[in-house]
Amino acid sequence: MTSLAIIGGTGLTQLKCLEIERKEVLLTPYGEPSAPITYGKLAGKEVAFLPRHGNGHTIPPHQVNYRANIWAIHKLGIERVIAIAAVGGITEQMSPKRIVFPNQIIDYTYGREQTYFDGHTKDVTHVDFTHPYCEELRQALLKGAQAASLDAVDGATYGATQGPRLETAAEIARLERDGCDIVGMTGMPEAALARELSLCYSTCAVVANWAAGKGADEISMDELEMSLKDGMDKVRTLLETVIPEIG
Ligand code: HPA
């Protein structure tokens, strides 16, 4: 049985290294996931793949059905999730093309369906979220990155913004004062929903650009795409290294 899911982000709507075996359209009480779940073999292990923004990258970050995506993965009996995410770099170490394994989150998103415990359950439920990522999986990813000489960053605070626009320079300065190292639009509520369903969930972030006010005067989409392409090549190498160890 498949025990690992990969959620692909911007720049990774397809996993070229995945030998596809079948696809399954799933319906959940929360509606449709972003795409059918693709099952296949990666580095010899069974994995499930779900592109967060849909197959053709058509769903913007604030319209992703995070509840349906995480529910579908949970319903399949999958226990571990590697979430791939493109981010902007805020602090010095977080330069474009680098891979980062965050260990904390600050949530600045709003108006998203962010819980399964929305009053329809018998009891009011609060989940512990002190450490938002699964440390065991984070360590495995880090070890894999070291083995593949990928120069990854161990630990960062991910600031989750609403999007779809990028931030202003003042917003990024504020995020930095708050302690954020990287900024992205999809980290929440995905991580919290995974915790609510007791999934072991960790993020592999790829720095696509310097966040607003941290690099050149304006963010160039061409440069962003180029860095992302380079970063996602590293992610494929990482997955091929790490999956035989954890799958
Ligand atoms: N901000 C928010 N999300 C992002 C960025 C950014 O600069 N780059 C890639 N995703």
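Residues numbered from 1 in each chain as written. Predicted model: local features only at pLDDT ≥ 70, side-chain atom pairs only at ≥ 80, totals over all residues. Heavy atoms only, no water.

A. Structural detail: the overall build of the protein chain. Along its length, the protein chain carries 5 helices and 11 strands. Taking 18 Å as the expected radius of gyration for a compact globule of 247 residues, we find that the protein chain reaches 17 Å, a close match to that expectation. Its C-alpha atoms give the protein chain principal-axis dimensions of roughly 45 × 40 × 30 Å. Evaluated residue by residue, the protein chain yields a buried proportion of 52% over its 247 residues. Pairs at least 24 apart in sequence give 80% of the contacts found in the protein chain among residues at least 6 apart. Surface accessibility of the protein chain: about 11,400 Å² in total, with carbon and sulfur atoms responsible for 48%. Charged side chains of the protein chain number 23 positive and 32 negative; the gap between the two group centres comes to 3 Å. (Helix = DSSP H or I, 4+ residues; strand = E, 2+ residues; numbered from the N terminus. Rg over C-alpha atoms; globule rule 2.2 N^0.38 Å. Buried < 20%, exposed > 50% of the residue type's maximum accessible area, 1.4 Å probe, protein only. Contact = heavy atoms within 4.5 Å. Areas by Shrake-Rupley, 256 points an atom, 1.4 Å probe, with all protein chains shown as cover. Lys, Arg positive; Asp, Glu negative; His and termini not counted. Charge placed at Lys NZ, Arg CZ, Asp CG, Glu CD.)

B. Expanded view of the site of the ligand. Lining the immediate surroundings of the ligand are Ala86, Val87, Gly88, Leu166, Glu167, Val183, Gly184, Met185 and Asn209. Notes on the ligand: free accessible area 260 Å², of which the protein chains cover 93%. For the shell around the ligand, the elements supplying multiple residues, two or more each, are β5 (80-89) and β10 (182-184). In terms of residue count, β5 provides more of the shell around the ligand than any other element does, 3 residues in total. Residue classes in the shell around the ligand are distributed as 5 nonpolar, 3 polar and 1 charged. (Near = heavy atom within 4 Å. Nonpolar A, V, L, I, M, F, W, Y, C, P; charged D, E, K, R; others polar.)

C. Region of the structure containing the state of the cysteines. Tallied over the entire structure, the rule returns 1 disulfide. A disulfide bridge connects Cys134 with Cys200, and the sulfur atoms are separated by 2.2 Å. Residues Cys134 and Cys200 are joined through a disulfide that is left-handed, its torsion about the S-S bond being -75°. With Cys134 in the loop between β7 (104-107) and α2 (135-147) and Cys200 in strand β11 (residues 200-210), the pair connects residues that are 66 residues apart, well separated along the chain. (Disulfide = S-S within 2.5 Å.)

D. Quick look at the side chain of Gln162. Counting through the fold element by element, Gln162 comes out in the loop between β9 (157-160) and α3 (169-178). Of the residues examined, Gln162 reaches a relative accessible area of 11% and is grouped as buried. At a separation of 3.1 Å, a polar atom in the side chain of Gln162 contacts the main-chain carbonyl oxygen of Tyr110. (Polar contact = N/O pair within 3.5 Å; in protein donor to acceptor, adjacent residues only side chain to side chain.)

E. Helix α5 (residues 221-246), seen in detail. Relative to the 38 Å expected for 26 residues at 1.5 Å per residue, α5 spans 35 Å between its end C-alpha atoms, a close match to the ideal helical length. Buried within α5 are the following residues: Leu224, Ser227, Leu228, Gly231, Met232, Val235, Arg236, Leu238, Leu239, Val242, Ile243 and Ile246. (Expected span 1.5 Å × (residues − 1).)

F. Quick look at the packing of α2 against α5. One way to put it is that α2 packs onto α5 with a least axis distance of 9 Å and a crossing angle of 130°. By the criterion of interaxial angle, the relationship of α2 to α5 is oblique. The two elements α2 and α5 cross, and the hand of that crossing is right-handed. Between α2 and α5, the contacting residues are Leu137, Ala140, Leu141, Gly144, Ala145 and Ala147 on the first element and Leu238, Thr241, Val242 and Ile246 on the second. Class assignment for the residues of the contact of α2 with α5 results in 8 nonpolar, 2 polar and no charged. (Axes fitted to C-alpha atoms, helices over the stretch in contact; angles between N-to-C directions. Parallel < 35°, antiparallel > 145°, perpendicular 65-115°, else oblique. Left-handed = near helix turned anticlockwise from the far one by under 90°.)

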